[in-house]
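Residues per chain, in single letters:
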Amino acid sequence: MSNAVISVAELKKSFKEQEVLKGVDFEVRRGEVFALLGSNGAGKTTVVNILSTLMKPDEGKASICDFDVQHQPEQVRHNISLTGQFAALDGLLTGRENLMMIAKLRGVANPGQVADNLLAKFSLSNAANRRADRYSGGMKRRLDIALSLIGKPAVIFLDEPTTGLDPEARMEVWKTIKKLAGGGATILLTTQYLEEAEQLADRIAILHGGKIIATGTLTELKEMFPPAKVEYIEKQPTLEEIFLAIIGKGEDVNEQ
Amino acid sequence: MNSNTGVLLWRLMRNIMRSPDTIITVAVTPIMLLLLFVYVFGGAIKTGSDNYVNYLLPGIMLIAIASGVAYTSLRLFTDVRSGLMARFLTMPIKRSSVLWAHVLTSVVSNAFTVVVVILAALFMGFRSGANILDWLMVAGILGLFTLALTWLAVIPGLTAGSMEGATAFSYPLIFLPFISSAFVPTETMPGIVRVFAENQPVTSIVNAIRALLFEGSVGNDIWTALAWCAGIMVVAYFFANKEFKRQLG
Ligand SMILES: Nc1ncnc2c1ncn2[C@@H]1O[C@H](COP(=O)(O)OP(=O)(O)O)[C@@H](O)[C@H]1O
Ligand SMILES: [Mg+2]
């Protein structure tokens, strides 16, 4: 048995005529933070939707903790939690009530205690009894991530956790995610920001043109794609340069 | 009802308490209609009944429910848009409990609205000699009518592309009672309109409620009324669930 917690093979999905995923393959190991990096419209949310049992693939196989996403969705749902692209809160409930609600739905013992612990952990104790729709963007996102931790799921999906946030709120959320890493859960993060992947992920996969065109640690990616540049000082390529180099390459391949 | 439906019902009821406009708005329009018809048009309308409030109330209750179910579409639409729906559907809970929570919320909040409308009618002179059993049957018909329209409301709630789109379906529903026996006897209507009025669901439901409240009998229309409600409910339930499953594919 491999130690892959998430494994995805030859995943395909089209919407009407539009082929969004053309055979996506990757594996995520236990306990790591894995970033799926791709530009807007690359199909990141589609991958997350399929893995979190919201959508069925046209072809291919995906499993989470050795449960097949299509055929054992019930078991998969016991092992995951989804933090979608938009903070999924009940704006009319307070932060604490939101946490209590999810804790009760997940059937955890002592929902009140769980809620208070998470509020403290995410620096939301002062806002616990305020309505969630009065929270700032960063606070909403933190509450959203806190909601996903209830019941200690083995796998956490974070779909573009900082899109639409201002730089300050982005830093807050990064801190939150860094705290999660090492907590035992496996995290699949999607992002269109290179810096975010660089900051948070143990390994990165680049989704482009419906396929994963590169996977590896930042160092590995750097070795794979040295930028074609003559420079007098030794300089490490940034992930941005790597990304652009790969995408340029990908497009050349497509054109041929 | 499983405990998850209970938690979700609690959540939606709390939402309603915190946005009281959803109950007040729903009760205000029917009460305004009641006032308008009783004190403005009432004198000119001949229904053959000496108490026009009595005559109007059954139809007005249906209008209240028809406008109330639009909030179910709205709440569902909001859940889909906000991503809460996706969160619930990726949790290990029964998926049907998510829709049932919305449907039960509609039944509870519409019951509340109807009670407010009845209280307003009492102030305006509504009187009934119905016994407790008659009232229970009226409640049963109204409950079934609410369930039927709520399942209908679930469909645009899941599919609509905008807030307006989610609620637009309710306008024709609110209008239906006007072309029925709710305000004037159908005998006064011209040919084709009369045929429509006498064969659409509202007329039989209004007539059945009238019979229970004021004649102490179940009347002749009760079976037609129940058949309409049950029929609409079954068809709407089927399509709502089909749409729910389709969106997950
Ligand atoms: N439910 C859907 N119906 C039709 N097209 C969709 C649907 N979901 C996504 N798409 C299309 O698939 C492509 C990839 O979308 P998405 O997975 O959301 O990309 P990303 O999350 O990487 O921005 C986009 O062009 C989008 O318009
Ligand atoms: Mg996306």
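Up top is the structure these notes are about.
These numbers come from a predicted model, not from an experiment.

Caption draft 1: Molecular detail of the site of ligand 1. Residues and elements named next belong to chain A. Around ligand 1, the structure places Phe15, Gln18, Val20, Ser39, Asn40, Gly41, Ala42, Gly43, Lys44, Thr45 and Thr46. Threonine 45 places a side-chain nitrogen or oxygen 2.7 Å from an oxygen atom of ligand 1. Within the complex, 64% of the 560 Å² of free accessible area of ligand 1 lies under protein. Looking at the shell around ligand 1, the elements with two or more residues in it are strand S2 (18–29) and helix H1 (44–51). Among the elements that make up the shell around ligand 1, the one with the highest residue count is H1 (3 residues). Looking at side-chain class alone, the shell around ligand 1 contains 3 nonpolar, 7 polar and 1 charged residues.

Caption draft 2: A look at the environment of aspartate 116 of chain A. Along the chain, the position of aspartate 116 of chain A falls in helix H4 (residues 111–121). In this structure the C-alpha to C-alpha distance between aspartate 116 of chain A and aspartate 166 of chain A, which are 50 residues apart in sequence, comes to 27 Å.

Caption draft 3: View of the coordination of the magnesium ion (ligand 2). The coordination sphere of the magnesium ion (ligand 2), as far as protein atoms go, consists of Thr45 of chain A (OG1) and Gln85 of chain A (OE1), spread over 1.9 to 2.5 Å. Of this pair, threonine 45 of chain A sits in helix H1 while glutamine 85 of chain A sits in the loop between strand S6 (80–83) and helix H3 (95–105), placing them 40 residues apart in sequence.

Caption draft 4: Structural detail: the side chain of asparagine 79 of chain A. Residue and element names in this part refer to chain A. Relative to the assigned elements, asparagine 79 resides in helix H2 (residues 73–79). Of note is the side chain of asparagine 79, whose polar atom sits 2.9 Å from the backbone oxygen of glutamine 75. For asparagine 79, the residues in contact, after removing those within four places along its chain, are Cys65, Phe67, Pro153, Ala154 and Val155.

Caption draft 5: Representation of the interface of chain B and chain A within the structure. Counting residues at the interface gives 24 residues for chain B and 29 residues for chain A. For the pair chain B and chain A, the summed buried area comes to about 2400 Å², and 58% of that belongs to carbon and sulfur atoms. Counting every contact that joins chain B to chain A gives 4 salt bridges. The partner of arginine 11 of chain B in a salt bridge is aspartate 90 of chain A, and the shortest N-O contact between them spans 2.6 Å. Mapped by element, the contributors of at least two residues to the side of chain B that touches chain A are helix H1 (3–18) and helix H5 (84–89) of chain B. Among the elements that take part in the side of chain B that touches chain A, H1 of chain B stands out by supplying 8 residues, more than any other.

Caption draft 6: Expanded view of a nonpolar patch on the surface. Together, Ile24, Val28, Met32, Leu35, Leu36, Tyr39, Val40 and Phe41 of chain B make up a nonpolar patch on the protein surface, roughly 750 Å² of accessible area in all. Mapping valine 28 of chain B onto the fold places it in helix H2 (residues 21–41).

Caption draft 7: Layout of the pairing of strand S8 (residues 186–191) of chain A. Residue and element names in this part refer to chain A. In terms of burial, S8 is a largely internal element, 6 of the 6 residues being buried. Side-chain alternation along S8 places Thr186, Leu188 and Thr190 on one buried face and Ile187, Leu189 and Thr191 on a second face that is also buried. The pairing of strand S3 (residues 33–37) with S8 spans 5 bridges and is classified as parallel. Residue pairing across strands places leucine 36 opposite threonine 190, the latter belonging to S8. Across 5 bridges, strand S7 (residues 155–159) lies against S8 in parallel orientation.

Rules used in this analysis
- Residues numbered from 1 in each chain as written.
- Chains lettered and ligands numbered in written order.
- Predicted model: local features only at pLDDT ≥ 70, side-chain atom pairs only at ≥ 80, totals over all residues.
- Heavy atoms only, no water.
- Near = heavy atom within 4 Å.
- Polar contact = N/O pair within 3.5 Å; in protein donor to acceptor, adjacent residues only side chain to side chain.
- Areas by Shrake-Rupley, 256 points an atom, 1.4 Å probe, with all protein chains shown as cover.
- Helix = DSSP H or I, 4+ residues; strand = E, 2+ residues; numbered from the N terminus.
- Nonpolar A, V, L, I, M, F, W, Y, C, P; charged D, E, K, R; others polar.
- Donors = N, O, S within 2.8 Å, 3.2 Å for Na, K, Ca; no water.
- Contact = heavy atoms within 4.5 Å.
- Buried area = accessible area lost by both parts, 1.4 Å probe.
- Salt bridge = Lys/Arg side-chain N within 4 Å of Asp/Glu carboxyl O.
- Patch = residues over 30% accessible without salt bridge, like charges linked within 9 Å, V, L, I, M, F, W, Y side chains within 5 Å.
- Buried < 20%, exposed > 50% of the residue type's maximum accessible area, 1.4 Å probe, protein only.
- Pairing = 2+ DSSP bridges.

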